[in-house]
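Fold and contact review
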Amino acid sequence: MSGVTSFSPPATDLIDRLARARAVAASAGVDVLLVSPGPDLRYLTGYDAKPLERLTCLVLPVEGSPALVVPALERTAAEAAGADALGLEIVPWQETDDAYALVGTLLPGGVRQAALDNHMWAEKVLAFRAALPSVEQTLAGEILRELRMRKTTAEVEALGEAGAAIDRVHARIGEWLRPGRTEREVGRDIYDAILAEGHVQVDFVIVGSGPNSASPHHEVSDRVIQRGEPVVVDIGGTTEAGYCSDETRTYVVGGEPDDEIRRYYDVLQRAQAAATAHVRPGVTAESVDAVARQIISDAGYGEAFIHRTGHGIGMESHEDPYIVTGNTLPLEPGMAFSIEPGIYFEGRHGARIEDIVVVTEDGVESLNVRPRDLVVVDG
Ligand code: ZN
Ligand code: ZN
């Protein structure tokens, strides 16, 4: 649940983030950041505000005093989250006030360009446009990604806790996965286990059996799981500290898979391991994708690897950096992302292996450590 959180980073870290956000904004030619509830606001202020129709907005000018505009009824929650300890003036507005015009009165003179958080509701974006017609709007994502994709030691630890939590759920899959049960039944048990094992929120549960294993974003269905077929289990949640987990393993239930599956799974496992081993500071994001793709293509399965190799992860389960052709970003220590190649034969079966990894000073650390073999679960 959102609301008051006692799991914020220390105020000194948040003050540092606010200062860096201003510095990056200044160098991008932006005069003010406007940040509504969501992961960006939580990252910058520790305040996990409710995303509702009433405007809550961090007003962070490059020069001048920052403020947190909140509905009067949420003032207590904002104070409890420690916003005033960060040097933010909390500015409440009453039900009949125009909150957007109020933000306008808080801006220093001469503001020309405002960067709005990427997830701001369209109705709020348009209300700001109407209230501040001379202010050009841009996206804050390009600025905040520069901060958020470089995790501090404390953030890497928080991601590590999330990774260990989802490892514990995968370790228990044998309790639930067996022939004759539906994907939905298994998924419900996994859902409960994600919450029982160190998360406060379930973000997604994919249990793709048989032909559904070939559909990367399948969730669950009433299909009955059959003996000897692959089941892709891709699951993730959010911890109390606000960090996400995401891990995929492919299982076979109640019997040996056929040779074809064994053959391409072996290729997939080599590709995932090689891509992981390739990660170190200075290599590009796209080169990690290329390593996995080359191995899969060389084995003749290139057409069956139908998505990018990975995505960044942190306070959102998909964020920068994306591990994809065309992303020439050099990796740096503290960047965290998934490595999740897959091989899929539509209508028949498929497999995926996914770990979250973090770039270290001289290499890589995997935050998921469950065995990556094709696991045959007794049924
Ligand atoms: Zn996943
Ligand atoms: Zn993923």
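Residues numbered from 1 in each chain as written. Chains lettered and ligands numbered in written order. Predicted model: local features only at pLDDT ≥ 70, side-chain atom pairs only at ≥ 80, totals over all residues. Heavy atoms only, no water.

Some points on the coordination of the zinc ion (ligand 2)
For clarity, the cut-off: Only nitrogen, oxygen and sulfur atoms within 2.8 Å of the metal, or 3.2 Å for Na, K and Ca, are treated as donors, and water is left out, so sites may look incomplete. A four-donor site is called tetrahedral if each angle lies between 85 and 135 degrees; a four-donor site is square planar, and a six-donor site octahedral, when trans pairs exceed 155 degrees and the remaining angles lie between 65 and 115; all other cases are labelled irregular. The helix count covers DSSP runs of H or I at least four residues long, the strand count covers runs of E at least two residues long, and both are numbered beginning at the N terminus. Buried residues are those whose accessible area, probed at 1.4 Å on protein chains only, stays under 20% of the maximum for their type, while exposed residues exceed 50% and partly exposed ones sit between those limits.
Looking at the zinc ion (ligand 2), one finds its protein donor set to be Asp246 (OD), His311 (NE2), Glu340 (OE) and Glu354 (OE), positioned 2.0 to 2.2 Å from the metal centre. With four donor atoms in place around the zinc ion (ligand 2) and angles of 81 to 162° between them, the coordination shape is irregular. Along the chain, the residues that donate to the zinc ion (ligand 2) are spaced as D-x64-H-x28-E-x13-E. Between the zinc ion (ligand 2) and the zinc ion (ligand 1), a spacing of 3.1 Å is present, and a bridge between the two is formed by Asp246. Linking Asp246 in the loop between β8 (230–238) and β9 (247–253) with Glu354 in the loop between β14 (349–352) and β15 (355–359), this pair joins segments that are 108 residues apart in sequence. Assessed through its relative accessible area of 0%, Glu354 is described here as buried.

Concerning helix α5 (residues 122–131)
Applicable threshold: Note that the arc is defined by the directions from the helix axis to the C-beta atoms. The contact criterion used throughout is that any non-hydrogen atoms of two residues lie within 4.5 Å.
For α5, the complete set of buried residues consists of Lys124, Val125 and Phe128. Buried residues along α5 cover an arc of 105° about the axis, so they all sit on one side. In α5, the exposed residues that point more than 90 degrees away from the buried face are Ala122 and Ala130. In this fold, the buried residues of α5 make contact with β1 (32–35), β2 (57–61), α4 (99–106), β5 (113–116) and β6 (136–139).

Quick notes on the packing of helix α9 (residues 259–278) against helix α10 (residues 285–298)
The following threshold applies: Axis definition: a line fit to C-alpha positions, over the contact stretch in the case of helices; interaxial angles, taken between N-to-C directions, run 0 to 180 degrees. Roughly parallel here means an angle under 35 degrees, roughly antiparallel means over 145, roughly perpendicular means 65 to 115, and every remaining angle is called oblique. Whether a crossing is left-handed or right-handed is set by the direction in which the near helix is turned from the far one by less than a right angle, anticlockwise for left-handed and clockwise for right-handed. For this classification, the nonpolar set comprises Ala, Val, Leu, Ile, Met, Phe, Trp, Tyr, Cys and Pro, the charged set comprises Asp, Glu, Lys and Arg, and every other residue, Gly included, is treated as polar.
Close contact between α9 and α10 brings their axes to 8 Å; oriented N to C, the two are set at 155°. When the axes of α9 and α10 are compared, the pair comes out roughly antiparallel. Note that α9 runs across α10; the crossing there is right-handed. Contacts between α9 and α10 involve Val267, Leu268, Arg270, Ala271, Ala274, Ala275 and His278 on the former and, on the latter, Ser287, Val288, Val291, Ala292, Ile295 and Ile296. Split into classes, the residues belonging to the contact of α9 with α10 amount to 10 nonpolar, two polar and one charged.

Let's talk about the pairing of strand β4 (residues 89–93)
The following threshold applies: Two strands qualify as a pair provided that DSSP identifies no fewer than 2 bridges between them.
Two elements, strand β3 (residues 67–71) and β4, share five bridges in a ladder whose sense is parallel. Bridging from a neighbouring strand, Val69 pairs with Val91 of β4.

Points about the sheet that holds β8
An order of β7-β8-β9-β17 is seen for the four strands of this open sheet, with the pairing classed as mixed. Each edge of the open sheet carries a strand with a single partner, namely β7 (201–209) and β17 (375–377). Going from strand to strand, the sheet's axes swing by 30° on average, the running direction of each strand aside. Across six bridges, the pairing between β8 and β9 is antiparallel. Bridged to Val231 within β9 is Tyr251. The sheet contacts of helix α7 (residues 153–171) involve β8 and β9, and relative to β9 the element is tilted by about 5°. Against the sheet, helix α8 (residues 183–196) touches β7 and β8, its axis set at about 150° to β7.

Things to note about the nonpolar core
Defined as follows: For the purposes of this section, nonpolar cores are sets of buried Ala, Val, Leu, Ile, Met, Phe, Trp, Tyr and Cys residues that join through side-chain atoms within 4.5 Å. In this entry, domain limits derive from an automatic or database-based domain assignment.
Residues Leu33, Leu44, Leu58 and Leu68 are the most contacted members of the largest nonpolar core, which totals 38 residues. Only α1 (11–27), β1, α2 (39–45), β2, β3, α6 (141–148), α7 and β15 provide two or more residues apiece to this core. If one sorts the elements of this core by residue count, α1 sits on top with four residues. Each of two domains, domain 1 (11–147) and domain 2 (153–377), supplies a minimum of three residues to this core.

Comments concerning the coordination of the zinc ion (ligand 1)
Around the zinc ion (ligand 1), the protein supplies Asp234 (OD), Asp234 (OD), Asp246 (OD) and Glu354 (OE) as donor atoms, at distances of 2.0 to 2.5 Å. Taken together, the four donor atoms surrounding the zinc ion (ligand 1) define angles of 57 to 149° at the centre, an arrangement classified as irregular. Read from N- to C-terminus, the donor residues coordinating the zinc ion (ligand 1) fall into the pattern D-x11-D-x107-E. Look at Asp234 and you get buried, because its relative accessible area is 5%. Given a relative accessible area of 3%, Asp246 falls into the buried group.

Let's talk about the packing of aromatic side chains
Just so we agree on the cut-off: Note on aromatic pairs: the rings of Phe, Tyr and Trp (six-membered ring only in Trp) are paired at centre separations within 6.5 Å, and the planes decide the class, stacked below 30 degrees, edge-to-face beyond 60, tilted for the rest. Throughout this description, the term charge over a ring refers to an Arg CZ or Lys NZ atom that lies within 6 Å of the ring centre and within 35 degrees of the ring normal.
Under the definition given, this model contains four aromatic pairs. Note on Tyr264 and Tyr301: the rings are 6.0 Å apart at their centroids and 65° apart in plane angle, and the pair reads as edge-to-face. Taken as a pair, Tyr264 in helix α9 and Tyr301 in the loop between α10 and β10 (310–312) lie far apart in primary sequence, 37 residues in all. Tyr264 sits in the buried class, given a relative accessible area of 0%. Tyr301 gets classed as buried once you look at its relative accessible area, which sits at 16%. In this arrangement the basic side chain of Lys124 is found over the ring face of Trp121, its NZ or CZ atom lying 4.1 Å from the centre. Over the ring of Phe305 we find Arg293; its NZ or CZ atom is 3.9 Å from the centre of that ring.

Comments concerning the sheet that holds β4
Taken in spatial order, the six strands make up an open sheet running β4-β3-β2-β1-β5-β6, and their pairing is mixed. The outermost strands of the open sheet, each flanked by one partner alone, are β4 and β6. Pairwise comparison of adjacent strand axes, ignoring direction, gives a mean angle of 25° for this sheet. Docked against the sheet, α1 engages β1 and β2, running at close to 60° with respect to β2. Running over the sheet, α5 touches β1, β2, β5 and β6 and is turned about 150° from β6.

As for the packing of α1 against α6
Contact geometry of α1 with α6 gives a least axis separation of 9 Å together with a crossing angle of 135°. Accordingly, the angle class assigned to the pair α1 and α6 is oblique. Crossing hand, α1 versus α6: right-handed. Here Arg17, Arg20, Ala21, Val24 and Ala25 of α1 come into contact with α6, specifically with Ile143, Leu144, Glu146 and Leu147. A per-class count over the contact of α1 with α6 returns six nonpolar, no polar and three charged.

In short, shape yes, function no, at least from these values alone.
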